[in-house]
Amino acid sequence: MITELAVERVAFTCGTCAHRWSVDHDVQRYLDGHGDEWEYFHRDNTSVPSPYTPDGAPPSEQCGAPTTARLTARRPGPHPRNPGQPRTRVPRTGIHRPERHLAPPLEVAAPTPAPQPTADPAQT
């Protein structure tokens, strides 16, 4: 059962060349029949490992060195279990909104620079 849908903006930083960029990931949390919860990550309609793990974080686009990831923003997606949420019944026969099968996938735009920390004026 799907328990949560979200889009997470993940900022990557290279410890070698200090290059920074961010990428949006679609995240789905799923509760299996054994009571275990799993996270699935997708980028550009492709399943990818968690960007928060060493195996899932991409190498630096500048020097190829390993990067670290951190969550910078999050947008929860609509969830069908929310009461009172508008909905449209999908017919049991025929193809509902056939254009959705032909629409090109939304792709992540060119990487955006990660937000830079700002100095707190009270600390200076």
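Predicted model only: the values in this text are computed from it and were never measured.

A. Quick look at the overall build of the chain. A count of helices and strands for the chain gives zero helices and five strands. Classification of the 124 residues of the chain by burial places 20% in the buried group. A total accessible area of about 9600 Å² is found for the chain, and carbon and sulfur atoms account for 54% of it.

B. Layout of the packing of aromatic side chains. The tally for this structure, following the rule as stated, stands at three aromatic pairs. For the pair F41 and Y52, a centre-to-centre distance of 6.0 Å together with 70° between the ring planes defines the contact as edge-to-face. With F41 in strand β3 (residues 37–43) and Y52 in the loop between β4 (46–48) and β5 (67–76), this pair connects stretches of sequence that are 11 residues apart.

C. Seen up close, the nonpolar core. Counting residues in each nonpolar core, the largest one holds five residues, listed as V10, F12, W21, V23 and A57. Within the residue set of this core, elements represented by two or more residues are β1 (2–14) and β2 (20–31).

D. View of the environment of R29. Note that R29 resides in strand β2. On the accessibility criterion, R29 (28% relative accessible area) is partly exposed. On a C-alpha basis, the gap between R29 and I2 in space is 5.9 Å, while along the polypeptide they are 27 residues apart. Setting aside residues no more than four positions away along its own chain, R29 makes contact with M1, I2, T3, E4, E37, W38 and E39.

E. The sheet that holds β1, seen in detail. The strand order β4-β3-β2-β1-β5 describes an open sheet built from five strands, whose pairing is antiparallel. Across the chains shown, the open sheet's two edge strands, defined by having one partner strand only, are β4 and β5. The mean inter-strand angle of the sheet, taken between neighbouring strand axes irrespective of direction, is 40°. Alignment of β1 against β2, held across 11 bridges, turns out to be antiparallel. Looking at β2, one finds that A6 is bridged to V27.

F. Layout of a nonpolar patch on the surface. Where nonpolar side chains cluster on the molecular surface, the patch consists of I2, Y30, W38 and Y40 and spans about 380 Å² of accessible area. Topologically, Y30 is positioned in strand β2. Y30 sits in the partly exposed class, given a relative accessible area of 32%.

Rules used in this analysis
- Residues numbered from 1 in each chain as written.
- Predicted model: local features only at pLDDT ≥ 70, side-chain atom pairs only at ≥ 80, totals over all residues.
- Heavy atoms only, no water.
- Helix = DSSP H or I, 4+ residues; strand = E, 2+ residues; numbered from the N terminus.
- Buried < 20%, exposed > 50% of the residue type's maximum accessible area, 1.4 Å probe, protein only.
- Areas by Shrake-Rupley, 256 points an atom, 1.4 Å probe, with all protein chains shown as cover.
- Phe/Tyr/Trp six-rings, centres within 6.5 Å; stacked < 30°, edge-to-face > 60°.
- Core = buried A, V, L, I, M, F, W, Y, C linked by side-chain atoms within 4.5 Å.
- Contact = heavy atoms within 4.5 Å.
- Pairing = 2+ DSSP bridges.
- Axes fitted to C-alpha atoms, helices over the stretch in contact; angles between N-to-C directions.
- Patch = residues over 30% accessible without salt bridge, like charges linked within 9 Å, V, L, I, M, F, W, Y side chains within 5 Å.
- Salt bridge = Lys/Arg side-chain N within 4 Å of Asp/Glu carboxyl O.

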